[in-house]
Amino acid sequence: MASYWINLKDLPPAGEDYCVQEQAVWNDPIAEFGLPYTIAEAIQAKVHVSPQDKGYLINGDLSGKIEMPCDRCAEAAGFVLAAHFSIFEESDPSLSEADLLGPRFLWMENNVWFLDLAGVLWEQMVLNLPFKHVCAEECQGVCPGCGTNLNLGPCDCQAEEGDPRLAVLRRLKIE
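Quick caveat, the model's predicted, so the values are computed rather than measured.

What counts and what doesn't
Residues numbered from 1 in each chain as written. Predicted model: local features only at pLDDT ≥ 70, side-chain atom pairs only at ≥ 80, totals over all residues. Heavy atoms only, no water. Disulfide = S-S within 2.5 Å. Buried < 20%, exposed > 50% of the residue type's maximum accessible area, 1.4 Å probe, protein only. Helix = DSSP H or I, 4+ residues; strand = E, 2+ residues; numbered from the N terminus. Phe/Tyr/Trp six-rings, centres within 6.5 Å; stacked < 30°, edge-to-face > 60°. Pairing = 2+ DSSP bridges. Axes fitted to C-alpha atoms, helices over the stretch in contact; angles between N-to-C directions. Arc of directions from axis to C-beta. Contact = heavy atoms within 4.5 Å.

1. Here's the deal with the state of the cysteines
Per the stated rule, a full pass over the model turns up 0 disulfides. In this structure cysteine 73 is not part of a disulfide, and its nearest cysteine sulfur, from cysteine 70, lies 3.8 Å away. Its relative accessible area of 5% is what places cysteine 73 among the buried residues.

What follows is the structure, given as structure tokens:
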């Protein structure tokens, strides 16, 4: 997975801005995890990192376009990524790992804190993808019998009458 480490030792009190256009930040995890996503329009991130009393505040914006399969018909469909995020990373060395909630993007080495900005950006991209993605609201999906894309036309399967879970009751004879 791509890394984009920031040394936080010399971070000014007002914070610092970062612009990440390196596509490996997103393409490497997509390949590593075998995800069916394609970057259709370069993803860009604008991030501001500022020191706080017990950690670092990370504000940013993500923009770009991703192609992913439709959850109904499995055809490629674009998704415009436009997200704002704001997270706080604690840097209190007295806290144990059990006291810290969620993933850790800060790392201390030789009393210097480092931020894994690539990890933050990957997490925020994934969190802003839709849970269910469809190519169009009127997408009809695929036929459960033969797998034909119903958006292209009807299939040749015979339509069953009624709920298939009740098929056994159709043979029931009452005297």
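2. Comments concerning helix H2 (residues 117–127)
Burial within H2 is extensive, with 8 of its 11 residues counted as buried. Buried residues of H2: Leu117, Ala118, Gly119, Val120, Leu121, Trp122, Gln124 and Met125, and no others.

3. Section: the packing of aromatic side chains
The final tally for this structure, using the stated rule, is 1 aromatic pair. Between the aromatic rings of phenylalanine 33 and tryptophan 122, the centroid separation amounts to 6.3 Å while the plane-to-plane angle is 35°, which identifies the pairing as tilted. One end of the pair, phenylalanine 33, is in the loop between helix H1 (24–32) and strand E3 (38–52); the other, tryptophan 122, is in helix H2, and 89 residues separate them in sequence.

4. Section: the sheet that holds strand E7 (residues 112–116)
As a general point, the strands of a sheet are linked pairwise by backbone hydrogen bonds and lie either parallel or antiparallel. Taken together, the 3 strands give an open sheet; going across it, the order is E1-E7-E6, and neighbouring strands pair in antiparallel fashion. Two strands in the sheet have a free side with no partner beyond their single neighbour: strand E1 (5–7) and strand E6 (106–109). For this sheet the average axis-to-axis angle between neighbouring strands, irrespective of direction, equals 30°. Relative to E7, E1 runs antiparallel, the two sharing 3 bridges. Counterpart to asparagine 7 in the pairing with E7 is phenylalanine 114.

5. As for H1
Listing the buried residues of H1 in full gives Val25, Trp26, Pro29 and Ile30. Angular distribution of buried residues about the axis of H1 spans 120°; they occupy a single face of the element. Looking at the buried positions of H1, the neighbouring elements they touch are strand E2 (16–20), E3, strand E4 (55–69) and H2. After H1 finishes, the residue glycine 34 shows a positive phi value of roughly 65°.

6. A look at the sheet that holds strand E5 (residues 76–90)
Spatial ordering of the open sheet is given by E2-E3-E4-E5, a layout of 4 strands whose pairing is antiparallel. If you trace the sheet from one side to the other, it starts and ends with E2 and E5, each paired once. Averaged over all pairs of adjacent strands, the angle between strand axes in this sheet comes to 10°, irrespective of strand direction. With 15 bridges joining them, E4 and E5 adopt antiparallel strand pairing. For asparagine 59, the partnering residue across the bridge sits in E5 and is serine 86. Of the strands in this sheet, E2, E3 and E4 touch H1, which is tilted by about 115° from E3.

Any functional reading would require information that these geometric values do not contain.
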